[in-house]
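# A look at the structure
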Amino acid sequence: SEGSTAVEKKRWTLNDFDIGKPLGRGKFGHVYLAREKRSNHIVALKVLFKSQLKQSQVEHQLRREVEIQSHLRHSNILRLYGYFYDQKRVYLILEYAAKGELYKELQKCKYFSERRAATYVASLARALIYCHGKHVIHRDIKPENLLVGAQGELKIADFGWSVHTFNRRRTMCGTLDYLPPEMVESVEHDANVDIWSLGVLCYEFLYGVPPFEAKEHSDTYRRIVQVDLKFPPKPVVSASAKDLISQMLVKDSSQRLPLHKLLEHPWIVQNAEPSGIYRG
Ligand SMILES: CC(C)NC(=O)[C@H]1CCC[C@H]1Nc1nc(Nc2ccc(C(=O)N(C)C3CCN(C)CC3)cc2)ncc1C(F)(F)F
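For the structure given in this document, a descriptive report is provided here.

### What to know about the site of the ligand
If you check the shell around the ligand, you find 20 residues, and the closest are K46, L78, L94, E95 and A97. A distance of 3.1 Å is found between an oxygen atom of the ligand and a side-chain nitrogen or oxygen belonging to K46. A97 has a polar backbone atom sitting 2.8 Å from a nitrogen atom of the ligand. Protein contact buries 73% of the 790 Å² of open area that the ligand shows by itself. Within the residue set of the shell around the ligand, elements represented by two or more residues are strand 1 (17–25), strand 3 (41–49) and strand 5 (89–95). Tallied by class, residues from the shell around the ligand come to 10 nonpolar, three polar and seven charged.

Structure, rendered in structure tokens:
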């Protein structure tokens, strides 16, 4: 709509906003509730210090995050409306998720009911189908990167690790015929990495801990590469849920259950709220 082009073209400054309460700390700075003065639109303003971005060498990652997230429009993906910067800081103008951070809710509940977990997994699958349709892989699906909107709907945030995989065919000038396979693939992995992560997330929603957790990183690494998947006796989880998770946590990425098939899985069909909203 003309609104969005105005947003993208407009030169925002701090003076365009009334700054409200701090919402918490992000990786590279604070996040504040804010209101855009002209529209009275409530947003979250993420303030990042240039010095910290430089020393962590994440400027290119931030540029990619802004480029990717600003072009995505989906009810389960947190909107990035725009950005601006001053001498010391970069400001991201983001959608405000009224019900906050999902990982805090998971810590409080310990684990979710099968209906709540299935509702969240289904809405994330729909968001990822949308992303993959635009050749965007998130690559960092985990509870910490999920926020909850005013109606209880999940919002995937933090596209800091996302990549835009494009087919070399469109970008290579002239012929592709002489490129070796690994270059044509262009990315070392494909969108199926998000299916694996969604499977890990589904397990953690139901058991309260991720499937390959171990004391030492080396043990976690070994459990992942061996797909050492075990289902504890408690809390009791349906065989149907375990079946879905077992079809997602498959070593060969091409053999993982495709996201559109996930939405047809009996556990999702019988447990997920069609609206994507879990009312408890
Ligand atoms: C994905 C990314 C990795 N995470 C983040 O960026 C984090 C870093 C800090 C905040 C969050 N970023 C956002 N948070 C919200 N909403 C929000 C957050 C927290 C509360 C909350 O529980 N309190 C204020 C409570 C209220 C009660 N008191 C006691 C504790 C804090 C309520 C609403 N909307 C948009 C964003 C965004 F992403 F646009 F910036």
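On we go.
### Describing the packing of helix 8 (residues 192–207) against helix 10 (residues 239–248)
Contact geometry of helix 8 with helix 10 gives a least axis separation of 8 Å together with a crossing angle of 150°. Viewed along their axes, helix 8 and helix 10 adopt a mutual orientation that is roughly antiparallel. Every pair of crossing elements has a handedness; the one defined by helix 8 and helix 10 is left-handed. On helix 10, the residues that touch I195, W196, L198, G199, C202, Y203, L206 and Y207 of helix 8 are A241, K242, I245 and M248. A per-class count over the contact of helix 8 with helix 10 returns 10 nonpolar, one polar and one charged.

### Looking at the side chain of Q69
Turning to its location among the elements, Q69 is positioned in helix 3 (residues 59–70). Residue Q69 is classed as buried on the basis of its relative accessible area, which comes to 1%. Not counting residues up to four positions away in its chain, the partners in contact with Q69 are L78, L80, L94, A157, D158 and F159.

### Here's the deal with the packing of aromatic side chains
Scanning the model with the defined rule gives 10 aromatic pairs in all. On the basis of an interplanar angle of 15° and a centroid distance of 4.6 Å, the ring pair of F84 and Y91 is categorised as stacked. With a centroid separation of 5.3 Å and an interplanar angle of 50°, the aromatic rings of F112 and F205 are classed as tilted. Of this pair, F112 sits in the loop between helix 4 (102–109) and helix 5 (114–133) while F205 sits in helix 8, and the two are 93 residues apart along the sequence. An aromatic cluster is defined as three or more aromatic residues linked by ring pairs; in this entry it consists of W12, F17, F84 and Y91. Between K10 and the ring centre of W12, over which it is positioned, the NZ or CZ distance is 5.0 Å. One residue, R116, lies across the ring of F112, its end atom 4.4 Å from the ring centre.

### Here we look at the sheet that holds strand 2 (residues 30–36)
The strand order across the open sheet formed by five strands is 1-2-3-5-4, and the pairing between neighbours is antiparallel. Only two strands of the sheet have a single partner each, and these edge strands are strand 1 and strand 4 (80–85). Each strand axis lies, on average, 25° off the axis of its neighbour in the sheet, ignoring direction. Pairing between strand 1 and strand 2: six bridges, direction antiparallel. When the sheet's bridge partners are listed, D18 is paired in strand 2 with R35.

### Some details on the nonpolar core
One finds L198, F205, L206, L262, W267 and I268 to be the most contacted residues of the largest nonpolar core, which totals 46 residues. At the level of elements, helix 4, helix 5, strand 7 (146–148), strand 8 (154–156), helix 8, helix 10, helix 11 (259–262) and helix 12 (266–271) are the ones that each hand at least two residues to this core. Excluding anything up to four places from it in sequence, L206 contacts Y111, F112, S113, E114, A117, P235, V237, A241, I245 and W267. Grouped together as the second largest cluster of nonpolar side chains are 16 residues, F28, L78, L80 and L94 included.

Calculation criteria
- In every chain, residue numbers begin from 1 and rise along the written sequence.
- Given that the model is predicted, a residue must reach a pLDDT of at least 70 before its local features are reported, and side-chain atom pairs must reach 80 or more before they are shown or counted; all residues, however, enter totals for whole chains, interfaces and linings.
- Note that the side-chain values use all heavy atoms of the structure and ignore hydrogens as well as water.
- Nearness here has a simple test: a residue counts as near a molecule or strand if at least one of its heavy atoms is within 4 Å of that partner.
- Pairing of N or O atoms within 3.5 Å defines a polar contact, subject to two protein rules: one partner must be a possible hydrogen donor and the other a possible acceptor, and residues neighboring in sequence count only if both atoms are side-chain atoms.
- For accessible areas, the Shrake-Rupley method is used with a probe of radius 1.4 Å. Any residue's cover is judged against the shown protein chains and nothing else.
- Secondary structure follows DSSP: runs of H or I at least 4 residues long count as helices, runs of E at least 2 residues long count as strands, and numbering of each begins at the N terminus.
- Following the grouping adopted for this structure description, the nonpolar residues are Ala, Val, Leu, Ile, Met, Phe, Trp, Tyr, Cys and Pro, the charged ones are Asp, Glu, Lys and Arg, and the polar ones are all others, Gly among them.
- The convention used is that axes are lines fitted to C-alpha atoms, helices contributing only their stretch in contact, and that angles between N-to-C directions extend from 0 to 180 degrees.
- Comment on the angle field: the value is read as roughly parallel under 35 degrees, roughly antiparallel over 145, roughly perpendicular from 65 to 115, and oblique elsewhere.
- A crossing counts as left-handed when the near helix is turned anticlockwise from the far one by less than a right angle, and as right-handed when that turn is clockwise.
- Note on definitions: a residue-residue contact is assigned when non-hydrogen atoms from the two residues lie within 4.5 Å.
- Throughout, exposure labels follow a simple rule: accessible area from a 1.4 Å probe, protein chains only, divided by the maximum for the residue type, with under 20% read as buried, over 50% as exposed, and the rest as partly exposed.
- What counts as a ring pair is set by centres within 6.5 Å for rings of Phe, Tyr and Trp (its six-membered ring), and what kind of pair is set by the plane angle: stacked under 30 degrees, edge-to-face over 60, tilted for all other angles.
- Placement of a positive charge over a ring is assigned whenever Lys NZ or Arg CZ falls within 6 Å of the ring centre and within 35 degrees of the normal to the ring plane.
- Strands are treated as partners if at least two bridges between them are detected by DSSP.
- Buried Ala, Val, Leu, Ile, Met, Phe, Trp, Tyr and Cys residues form a nonpolar core when they are joined through side-chain atoms within 4.5 Å.

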